[in-house]
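These are the residues of each chain, in order.
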Number of protein chains: 2
Amino acid sequence: MSSPLKIHILGCHSATPKANAFPTAQVVEIRSQLILVDCGEGTQVRLRQNRIKFNQIKHILISHLHGDHFYGLIGFLSTLSLLNRQAPLQIFAPKGAEEIIRLQLKLSKSYLSYPLKIQALESSASETIIDNSKFTVKTIPLDHRVYTNGFLIIEKAGDRKLNIDKAEQYPIDKAYYKKIVKGADIVLDDGRRIPNEELTFPAELPKSYAYCSDTAFKLDIVPIIRKATALYHESTFLEINEDLCAKTKHSTAKQAGIIASKAEVGHLILGHYSARYKNLNAFKTEAESVFNPVSLAESGKTFVF
Amino acid sequence: MSSPLKIHILGCHSATPKANAFPTAQVVEIRSQLILVDCGEGTQVRLRQNRIKFNQIKHILISHLHGDHFYGLIGFLSTLSLLNRQAPLQIFAPKGAEEIIRLQLKLSKSYLSYPLKIQALESSASETIIDNSKFTVKTIPLDHRVYTNGFLIIEKAGDRKLNIDKAEQYPIDKAYYKKIVKGADIVLDDGRRIPNEELTFPAELPKSYAYCSDTAFKLDIVPIIRKATALYHESTFLEINEDLCAKTKHSTAKQAGIIASKAEVGHLILGHYSARYKNLNAFKTEAESVFNPVSLAESGKTFVF
């Protein structure tokens, strides 16, 4: 069985950090790998509060260079060095992030204890930026006031499941079971070939997570995120304030619901709420008018799929 | 009577922010003016928690460009703009700070709502950087791994105090009292000159606050901070770990006490404790072996002089 896909919400409010409304940061746990997605000010404290081991994070994805998604990054990188991290760390961020980070390190005469690779994103088309044995990450070009990407994180297909009753009907050494779940056929000593399909059940469908923040309503993203297990889509405003979306390049909860519906995702998570709203339940109700199921992101909450 | 000098400690721990150990930031309240001194990550949240009005801060002093004193600045500046601040803001910081700030603003396509002036500090001698009607600020060159200044904030002398019994012995119109407390002599209608000293008591001695963090033990600062009302001096280590001071360019609590003693300050406040110590009372005891009175800085604590 594949390991669960977990989304740890460290912060999910827009604009400025407050005592109980932290800016955007999430940790995505996929096939037991941790990916930090966005890094608003104070993220390193949120990571500690959520008992997430700093050293298990090997990749950081930054959607855009607005402060509420980015200003906690340099502090986190510095802390990793103070903790004497040795493992390499890879960041994917819009062009310019590396210049800021290297300048800050230079001016503070700081030398990182670990290899840091920062890959600049600048394409306006979706591209595959990570492809390893556990997962793939593709960018989701978004429409915001500065160059912005969402990220689609897709689990690699897991092993097929052994049909133990079938396998035991043949004289197959158990040592071959590992090969069988990887898809191998078996040739018995008497020369008979047993096709893999007879010995196994199909693997579970790979899970996937689409993160889309910040963005104006953008139907172009639907084909990219189609059938994702879960979609986090920003909903800065309610429909009553839809006029603010054009200027600020944000979305309403209803628009997030429309995207979720058209993309036929499994679950919609809303976040990036404007500070003007006291009652967040209205976001859920509004999105539910066009899609189900909908959940509200909350700092400290973990979603498991 | 002059208004009290207040030191609001927002954070006073070294290195990396934790849930209950915030990096360095203080607000100094002098003659009802607020000065932010250093700005570690999360300072804007601490300001809110301490109910300090953002807009009353007109000056920011940055000692050096290490993250635990500086990484909260860009977030605070951005938030002021989101709050539509109009009043000018002036920052004094080591050379390089402006380059980082302007680059971050440029890459996030942010335009500040208020005039921001950043004055680069690069002198290795003490210099007067602010001199207005309420207070003066002088730099205190420190000895750290990067270019670092402490700051001496000196209240401007207040008015002399009217000796009302004496004043009423003469036919002096009360309208002149304001001039008298400013130091004016009075010439009566009959031509007699009454010297100011006869009509007034001396003004209270101006208060002053010396902030020294981060620094190795540096006796050169003693003449600059002599007789300060209060001295905040870093004490990253205890004497038992004095060997760590040379490499890291920090001080022990005892060394802070020696500086306070030689400078004959009124009060010593310790801070910037290394995370290795669980019991902070040992810092107080150690400094008290050479100086009194000593207080421990704590996040959320306000000192009033």
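By the naming in an unreviewed UniProt entry, chain A is Ribonuclease Z, taken from Mesohalobacter halotolerans. Reading the Function (unreviewed entry) entry of the UniProt record for chain A gives the comment "Zinc phosphodiesterase, which displays some tRNA 3'-processing endonuclease activity. Probably involved in tRNA maturation, by removing a 3'-trailer from precursor tRNA." Recorded in UniProt for chain A, the comment headed Subunit (unreviewed entry) runs: "Homodimer."

Undergrad: So what about the domain arrangement of chain A? Which residues, and what values?
TA: By the assigned domains, chain A splits into domain 1 (6–158 + 206–254 + 265–304) and domain 2 (161–201). Placing a centre on the C-alpha atoms of domain 1 of chain A and another on those of domain 2 of chain A gives a separation of 43 Å.

Undergrad: Provide a residue-level description of the UniProt feature "binding site: Zn(2+) 1" (unreviewed entry) in chain A, including the pertinent values.
TA: Residues and elements named next belong to chain A. Those places that UniProt annotates as "binding site: Zn(2+) 1" (unreviewed entry) correspond, in this numbering, to H64, H66, H144 and D214. Across 151 residues, the annotated set stays spatially compact, with a maximum C-alpha separation of 10.3 Å. Tracing the sequence through the fold places H144 in the loop between β8 (135–141) and β9 (149–155). Excluding residues within four positions of it along the chain, H144 makes contact with H64, H66, D214, T215, T248, K249 and H250. Of note, D214 is situated in the loop between β14 (208–212) and α8 (222–225). Its relative accessible area of 1% is what places D214 among the buried residues. Look past the residues within four positions of D214 in its chain and what remains in contact with it is H64, H69, L142, H144, T148, E234, H250 and H272.

Undergrad: Which residues make up the pattern of salt bridges, and what values go with them?
TA: Scanning the entire structure with this criterion turns up 24 salt bridges over all chains. With a closest N to O distance of 3.1 Å, K182 of chain B and D159 of chain B form a salt bridge. A residue pair is termed long-range when its members are at least 10 positions apart, and K182 of chain B in the loop between α6 (177–181) and β11 (186–187) and D159 of chain B in the loop between β9 (149–155) and β10 (161–162) qualify at 23 residues. Look at K182 of chain B and you get exposed, because its relative accessible area is 64%. Judged by relative accessible area, which is 38%, D159 of chain B ranks as partly exposed. Through salt bridges with shared partners, a single network forms among R226, K227 and E264 of chain A.

Thresholds, definitions, all that
- Residues numbered from 1 in each chain as written.
- Chains lettered and ligands numbered in written order.
- Predicted model: local features only at pLDDT ≥ 70, side-chain atom pairs only at ≥ 80, totals over all residues.
- Heavy atoms only, no water.
- UniProt positions renumbered as here; feature names shortened; annotations may be inferred.
- Domains from an automatic or database assignment.
- Helix = DSSP H or I, 4+ residues; strand = E, 2+ residues; numbered from the N terminus.
- Contact = heavy atoms within 4.5 Å.
- Buried < 20%, exposed > 50% of the residue type's maximum accessible area, 1.4 Å probe, protein only.
- Salt bridge = Lys/Arg side-chain N within 4 Å of Asp/Glu carboxyl O.

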